[in-house]
Amino acid sequence: MSTANSEERLIRRARVLQPDGSFQENDVLLRQGKIAAIAPNLEPSANEIDATGLSLLPGVIDPQVHFREPGLEHKEDLFTATCACARGGVTSFLEMPNTKPLTTTQAALDDKLQRAASKCLVNYGFFIGATPENLPDLNTANPTCGIKIFMGSAHGALLVSREAELEPIFASGRRLIAVHAEDQARINERRRQFQGQTDPAIHSQIQDDQAALNATQLAMKLSKKYQRRLHILHLSTAIEAEYLRQEKPPWVTAEVTPQHLLLNTSAYAEIGTLAQMNPPLRSPHDNAVLWQALLDGVIDFIATDHAPHTLTEKAKGYPQTPSGMPGVETLLPLMLTQAQQGRCSYAQVAHWLAAAPAAAYGIANKGKLLPDYDADLVLVDLEREQPVRREDVVSKCGWSPFEGWQLTGWPQYTLVGGQVAYERGQLHTEVRGQALQFAAP
Ligand code: DOR
């Protein structure tokens, strides 16, 4: 067989990240899409990557993205989004159901999987979206990483906000439920109070901390009642983090985005509506408490919530502007820069960006640098600083909220199942990822 996957490849002299966070120079042999050996001085191969000076990490698993296909391809599509993934060292993603049509049926899920197989440079998985009406589909759709519930800030029929609508979903079935936790009733009421105001900074006041906490508490109450596997998406507030520190049972996980760790409401003055997202940016105090919760394991991992909108859409003026910002190209260098600055270790970054999301979603053989694991890998340059520049952005939206930030740890090579998808500024657009498999709960 001569498929790309059956090729052998040798990564020569990489600084391989160790479980203790140190780096050890080694050669890494890849065979049939898997890591075959990690050892010094391996036999020469016809297919070698000289990784001298580069550091090898597991490929990033981004467990929350919005890639817009089908139906919203003017913002992004599965091809452009996964080109951006390859540039950012993201080798697998889990995508949300707020496309057009919504991913609320097996047929819509099948359509996405088919599109992904023909277009995605990296590995893919999709959520099934909950509406108040599609309970049977939620537990039979396959393959899916889980059920997505928008308790607030929803897109059309995806809104499931009232306890009476939520309870049947938590009560039936066992698969993972991931919630966007904002209290829609409170948001509606506060929106009326701020009517007529156009400063984007009020976005964080309308969709306030209490709106987030109310929904997180409701989801937790139902999860505890039915011992239902729950994942809280993009945790944004200190009060939720403190609540989870006290209350979170072992079957609940939570994630945070780099935006909620590293940006706060001061960003509105600098980048205006480009800083508008749901749940909104919060205060520097929230940044600090979320960081501590991540370091302490109250928050389990990191996701980008990559939610591209065009600059034209973002220029409409608040509140007509859509919420969301891109993230797959900056996630890894942002977090590696944090490690370099001593805010966390490199091992923690690899855990939060690869091993932990793999474990939470039951994705076997991914997220670690071990023999027999899939060869989804990223080689980064930890020595060289480079700014985030608009002209370098690969995502169709063409901008980043982090423009101008000096970052280290930019990917130099991204490998998906042993195939080189990105190499020092060049995309190998013929590479294709595979459908992710998820262990049954
Ligand atoms: O800001 C956001 N934008 N948050 C979401 O949860 C959805 C997303 C989008 O799809 O634009």
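Further up the page is the structure itself.
Residues numbered from 1 in each chain as written. Predicted model: local features only at pLDDT ≥ 70, side-chain atom pairs only at ≥ 80, totals over all residues. Heavy atoms only, no water.

(A) A look at the sheet that holds strand β7 (residues 90-95). As summarised here, the arrangement of the three strands in space is β6-β7-β8, forming an open sheet in which the pairing is parallel. Looking at the sheet topology across the chains shown, the edges are occupied by β6 (60-65) and β8 (123-126). For this sheet, the mean angle separating the axes of adjacent strands, direction not counted, is 20°. Taken together, the four bridges between β7 and β8 define a ladder with parallel strand orientation. Among the inter-strand pairings, Leu94 is bridged to a residue of β8, identified as Gly125. Here helix α2 (residues 106-119) sits on the sheet in contact with β7 and β8, set at roughly 170° to β8. (Pairing = 2+ DSSP bridges. Helix = DSSP H or I, 4+ residues; strand = E, 2+ residues; numbered from the N terminus. Axes fitted to C-alpha atoms, helices over the stretch in contact; angles between N-to-C directions. Contact = heavy atoms within 4.5 Å.)

(B) Just the packing of helix α4 (residues 163-171) against helix α7 (residues 209-226), in detail. Put simply, α4 and α7 touch, their axes get as near as 10 Å, and they point 35° apart. The element α4 and its partner α7 pack so that their crossing is right-handed. Facing Glu163, Leu166, Glu167, Phe170 and Ala171 of α4, the residues of α7 in contact are Leu218, Ala219, Lys221, Leu222, Ser223, Lys225 and Tyr226. Grouping the amino acids of the contact of α4 with α7 by side-chain chemistry returns seven nonpolar, one polar and four charged. (Left-handed = near helix turned anticlockwise from the far one by under 90°. Nonpolar A, V, L, I, M, F, W, Y, C, P; charged D, E, K, R; others polar.)

(C) Region of the structure containing unusual backbone geometry. Along the chain, Glu69 connects to Pro70 via a cis peptide bond; the corresponding omega equals 10°. Position of Pro70 relative to the elements: it lies in the loop between β6 and α1 (78-88). The step from Asn142 to Pro143 runs through a cis peptide bond, and the omega angle for that step is -5°. As for its position among the elements, Pro143 is in the loop between α3 (135-140) and β10 (147-150).

(D) A look at the packing of α1 against α2. One can describe the packing of α1 onto α2 by two numbers: an axis separation of 9 Å at closest approach and a directional angle of 55°. One finds that α1 runs oblique with respect to α2. Two packed elements cross with a definite hand, and for α1 against α2 that hand is right-handed. In this structure, α1 contributes Leu78, Phe79 and Thr82 to the contact, and α2 contributes Lys112, Arg115, Ala116 and Lys119. Across the contact of α1 with α2, the residue classes tally to three nonpolar, one polar and three charged. (Parallel < 35°, antiparallel > 145°, perpendicular 65-115°, else oblique.)

(E) Geometry of the side chain of His234. Position of His234 among the secondary structure elements: in the loop between β12 (230-232) and α8 (238-247). Beyond its immediate sequence surroundings of up to four residues, His234 is in contact with Gln64, His180, Glu255, Val256, Thr257, His260, Asn278, Pro279 and Asp305.

(F) Structural view of the pairing of strand β15 (residues 377-381). Most of β15 sits out of view: five of its five residues are buried. The two faces of β15 match: Leu377, Leu379 and Asp381 on one face and Val378 and Val380 on the other face are all buried. Of the pairings in the sheet, the one linking β15 to strand β18 (residues 410-416) comprises five bridges and is antiparallel in character. Counterpart to Val378 in the pairing with β18 is Thr414. (Buried < 20%, exposed > 50% of the residue type's maximum accessible area, 1.4 Å probe, protein only.)

(G) Summary view of the pattern of salt bridges. Scanning the entire structure with this criterion turns up 29 salt bridges. The salt bridge involving Asp381 is made with Arg384; its shortest N-O contact spans 3.3 Å. Residue classification places Arg384 among the partly exposed positions, given a relative accessible area of 45%. Shared partners join several salt bridges into a network, and the residues in it are Glu69, Glu73, Asp111, Arg115 and Lys119. (Salt bridge = Lys/Arg side-chain N within 4 Å of Asp/Glu carboxyl O.)

(H) Just empty space enclosed by the protein, in detail. Applying the stated criterion across every chain, the model contains six cavities of 30 Å³ or more. The computed volume of the largest cavity comes to approximately 60 Å³. Residue composition of the lining of the largest cavity, by class: two nonpolar, four polar and four charged. In this structure, the second largest cavity encloses a volume near 40 Å³. Lining the second largest cavity, in full, are His306, Pro326, Gly327, Val328, Glu329, Thr330, Val393, Ser395, Trp399 and Ser400. (1 Å grid on protein atoms, 1.4 Å probe; cavity = no way out; pocket = protein on both sides within 12 Å on 5 of 7 lines; lining within 4 Å. Points joined across faces, edges and corners; volume = space filled by probe spheres on them.)

(I) Structural context of the site of the ligand. Of all residues adjacent to the ligand, which total 14 residues, the nearest are Arg68, Asn98, Asn278, His309 and Ser323. Measuring from an oxygen atom of the ligand, one finds a backbone N or O atom of Asn278 at 2.7 Å. Measuring from an oxygen atom of the ligand, one finds a side-chain N or O atom of His309 at 3.0 Å. Taking 290 Å² as the accessible area of the ligand by itself, protein coverage stands at 98%. (Near = heavy atom within 4 Å. Polar contact = N/O pair within 3.5 Å; in protein donor to acceptor, adjacent residues only side chain to side chain. Areas by Shrake-Rupley, 256 points an atom, 1.4 Å probe, with all protein chains shown as cover.)

(J) The sheet that holds strand β14 (residues 301-302), seen in detail. Reading across the sheet, the six strands line up as β9-β10-β11-β12-β13-β14 and stay open at both edges, with parallel pairing between neighbours. Looking at which strands have only one partner, the edges of the open sheet turn out to be β9 (128-129) and β14.

(K) Inspection of α4 at higher detail. All of the buried residues along α4 are Leu166, Glu167, Ile169 and Phe170. Along α4, the residues classed as buried sweep out an arc of 165° about the axis, all on the same side. Check the buried side of α4 and you find it contacts α3, β10, β11 (177-180), α7 and β12. In the stretch just after α4, Gly173 is the one whose phi turns positive, near 90°. (Arc of directions from axis to C-beta.)

(L) Inspection of the packing of aromatic side chains at higher detail. This structure, assessed with the given rule, holds eight aromatic pairs. Arranged with centres 6.2 Å apart and planes meeting at 35°, the rings of Tyr124 and Phe126 form a pair that is tilted. Measuring from ring centre to ring centre gives 6.0 Å for Phe127 and Tyr361, while their planes differ by 85°; the resulting arrangement is edge-to-face. Note that Phe127 is positioned in the loop between β8 and β9 and Tyr361 in the loop between α14 (346-360) and β15, a separation of 234 residues in sequence. Through a chain of ring-to-ring contacts, the aromatic side chains of Phe67, Phe93, Tyr124 and Phe126 assemble into a single cluster. Seen from the ring of Phe23, Arg15 lies directly overhead, with NZ or CZ sitting 4.5 Å from the centre. The aromatic ring of Phe150 is capped on one face by Lys148, whose charged end is 3.6 Å from the ring centroid. (Phe/Tyr/Trp six-rings, centres within 6.5 Å; stacked < 30°, edge-to-face > 60°. Lys NZ or Arg CZ within 6 Å of the ring centre and 35° of its normal.)

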